[in-house]
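The chain contents come next:
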Amino acid sequence: MAVAAKADPETAVVAKLYEDFAWQAMTGQPDLFGQDVSHLNRRALEQYFAPALADLLLQNAACEVKYQGICNLDFDLLFASQDPLVSDLEITA
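Throughout, residues of each chain are indexed from 1 in the direction in which the sequence is written. Residue-level local features of this predicted model are given only where pLDDT is at least 70; pairs of side-chain atoms are given and counted only at 80 or more, and the full residue set underlies all totals for whole chains, interfaces and linings. Side-chain calculation: all heavy atoms of the structure are included, whereas hydrogens and water are not.

A few words now on the side chain of Glu 64. By the secondary structure assignment, Glu 64 is in helix H4 (residues 51–67). Buried, partly exposed and exposed residues are distinguished by accessible area as a fraction of the type maximum, computed with a 1.4 Å probe on protein chains only: under 20%, between the cut-offs, and over 50%, respectively. Counting rule applied: Lys, Arg positive; Asp, Glu negative; His and chain ends not counted. A pair is scored as a salt bridge if a Lys or Arg side-chain nitrogen falls within 4 Å of a carboxyl oxygen belonging to Asp or Glu. Salt bridges are absent for the buried Glu 64, whose nearest opposite-charge side chain, Lys 66, sits at 14 Å. Apart from the residues lying within four places of it in its own chain, the contact partners of Glu 64 are His 39, Gly 69, Ile 70, Cys 71 and Leu 73. Helix and strand labels come from DSSP, where a helix needs a run of H or I of at least four residues and a strand needs a run of E of at least two; each type is numbered from the N terminus. Contacts between residues were defined by any pair of non-hydrogen atoms, one from each residue, lying within 4.5 Å.

Another point: the state of the cysteines. A pair of sulfur atoms, both from cysteines and within 2.5 Å, is called a disulfide here. Counted under the stated rule, the structure contains one disulfide. The disulfide partner of Cys 63 is Cys 71, and the gap between their sulfur atoms is 1.9 Å. Sign of the S-S torsion, about -85 degrees for the bond between Cys 63 and Cys 71, identifies this disulfide as left-handed. In this structure Cys 71 comes out as partly exposed when scored by relative accessible area, which is 22%.

All right, on to the environment of Ile 70 then. The residue Ile 70 is located in the segment after H4 in this model. The class of Ile 70 is exposed, set by a relative accessible area of 56%.

Below, the discussion takes up the pattern of salt bridges. Opposite charge on two side chains makes pairing possible when the charged atoms of those side chains draw close. What the rule picks out here adds up to three salt bridges. Asp 20 is the partner of Lys 16 in a salt bridge, and the nearest nitrogen-oxygen pair spans 3.0 Å. In this pair, Lys 16 and Asp 20 both sit in helix H1 (residues 9–21), four residues apart, roughly one turn of the helix. Judged by relative accessible area, Lys 16 falls into the partly exposed class, the value being 39%. By relative accessible area, which is 23% here, Asp 20 ends up partly exposed. Here Arg 42 ties to Asp 55 by a salt bridge, and the two come within 2.5 Å at their closest N and O atoms.

A separate point is H4. Note on helix geometry: an α-helix contains 3.6 residues per turn, so any two residues three or four positions apart are oriented the same way. A helix is expected to span 1.5 Å for every residue after the first. If you check H4, its first and last C-alpha atoms are 24 Å apart, about what 17 residues at 1.5 Å a residue would give, namely 24 Å. Just downstream of H4, Gln 68 is the residue with a positive phi angle, here 50 degrees.

Moving on, we come to the nonpolar core. Among the nonpolar cores identified, the biggest contains 16 residues, and Leu 17, Phe 21, Val 37, Leu 45, Phe 49 and Leu 78 are the most heavily contacted of them. Within the residue set of this core, elements represented by two or more residues are H1, helix H2 (23–27), helix H3 (42–45) and H4. For this core, the element with the most residues is H1, which contributes three residues. Put simply, buried Ala, Val, Leu, Ile, Met, Phe, Trp, Tyr and Cys residues joined by side-chain atoms within 4.5 Å make one nonpolar core.

So this is what it looks like as structure tokens:
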């Protein structure tokens, strides 16, 4: 039986991010189980991203609310797609 190697902290964060939000692409319904990654609050964002990136995501979300439309991000942050729907996903370091 193979034993999984312990992941480094950066890999563990990315794996957790996809574990927590894979439903977005697996269901094809981005809001089925809650907010997508780009619309989380600061505390939630900083579990996965550096504070500077969390700031940019928060600014983009505020812009979308203010202008009722797309601002800087016109794609799903995790899947680099406007309409993510995957049937085969592989995550590599």
